[in-house]
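Coordinates in review
The primary structure of each chain is shown beneath.
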Amino acid sequence: MTDNPKLTAGESAQVAWYVARMCKRSLASETVHQGDLERKVERILDKARKRQEKGQQR
């Protein structure tokens, strides 16, 4: 896995929310699909990586 970027407070809260929802789904059933939440977390991390790269280019 690549290096995780530095997240803002809002992004950290969103990731924590999605991880908590994943845990809740996992408790309900181990075979439940969690791809939608995983994509949302990846989207947040991608946006943070782009922001970090943009800041380093200046």
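Residues numbered from 1 in each chain as written. Predicted model: local features only at pLDDT ≥ 70, side-chain atom pairs only at ≥ 80, totals over all residues. Heavy atoms only, no water.

Regarding the overall build of the protein chain
- Summing up its helical and strand segments, the protein chain has two helices and zero strands in all.
- Taking the principal axes of its C-alpha atoms as reference, the protein chain extends roughly 45 × 20 × 15 Å.
- Expressed as a percentage of its 58 residues, the buried residues of the protein chain come to 22%.
- If you take every contact in the protein chain between residues at least 6 apart in sequence, the share linking residues at least 24 apart comes to 56%.
- For the protein chain, the accessible surface area stands at approximately 4,800 Å², while carbon and sulfur atoms represent 53% of it.
- Here the protein chain contributes 13 positively and 8 negatively charged side chains, and the mean placements of these two sets differ by 8 Å. (Helix = DSSP H or I, 4+ residues; strand = E, 2+ residues; numbered from the N terminus. Buried < 20%, exposed > 50% of the residue type's maximum accessible area, 1.4 Å probe, protein only. Contact = heavy atoms within 4.5 Å. Areas by Shrake-Rupley, 256 points an atom, 1.4 Å probe, with all protein chains shown as cover. Lys, Arg positive; Asp, Glu negative; His and termini not counted. Charge placed at Lys NZ, Arg CZ, Asp CG, Glu CD.)

What about the packing of helix α1 (residues 9-28) against helix α2 (residues 35-57)?
- Put simply, α1 and α2 touch, their axes get as near as 9 Å, and they point 160 degrees apart. Comparing the axis directions of α1 and α2 gives the class roughly antiparallel. With respect to the hand of their crossing, α1 and α2 are arranged in left-handed fashion. Across from E11, Q14, V15, Y18, R21, M22 and R25 in α1, the residues of α2 making contact are D36, L37, E38, K40, V41, I44, A48 and R51.
- When grouped by side-chain class, the residues that make up the contact of α1 with α2 number seven nonpolar, one polar and seven charged. (Axes fitted to C-alpha atoms, helices over the stretch in contact; angles between N-to-C directions. Parallel < 35°, antiparallel > 145°, perpendicular 65-115°, else oblique. Left-handed = near helix turned anticlockwise from the far one by under 90°. Nonpolar A, V, L, I, M, F, W, Y, C, P; charged D, E, K, R; others polar.)

Quick notes on the nonpolar core
- V15, Y18, M22, L37, V41, I44 and L45 form the largest nonpolar core, which has seven residues in total.
- Secondary structure elements with two or more residues in this core: α1 and α2.
- Per-element accounting of this core gives the leading share, four residues, to α2.
- In contact with V15, not counting residues within four places along its chain, are L7, V41 and I44. (Core = buried A, V, L, I, M, F, W, Y, C linked by side-chain atoms within 4.5 Å.)

Section: a positive patch on the surface
- A cluster of basic residues, R21, K24, R39, K40, R43 and K47, forms a positive patch on the protein surface.
- Among the secondary structure elements, those contributing two or more residues to the positive patch are α1 and α2.
- Here the positive patch gets four residues from one element, more than from any other, and that element is α2.
- The residue R21 is located in helix α1 in this model. (Patch = residues over 30% accessible without salt bridge, like charges linked within 9 Å, V, L, I, M, F, W, Y side chains within 5 Å. Salt bridge = Lys/Arg side-chain N within 4 Å of Asp/Glu carboxyl O.)

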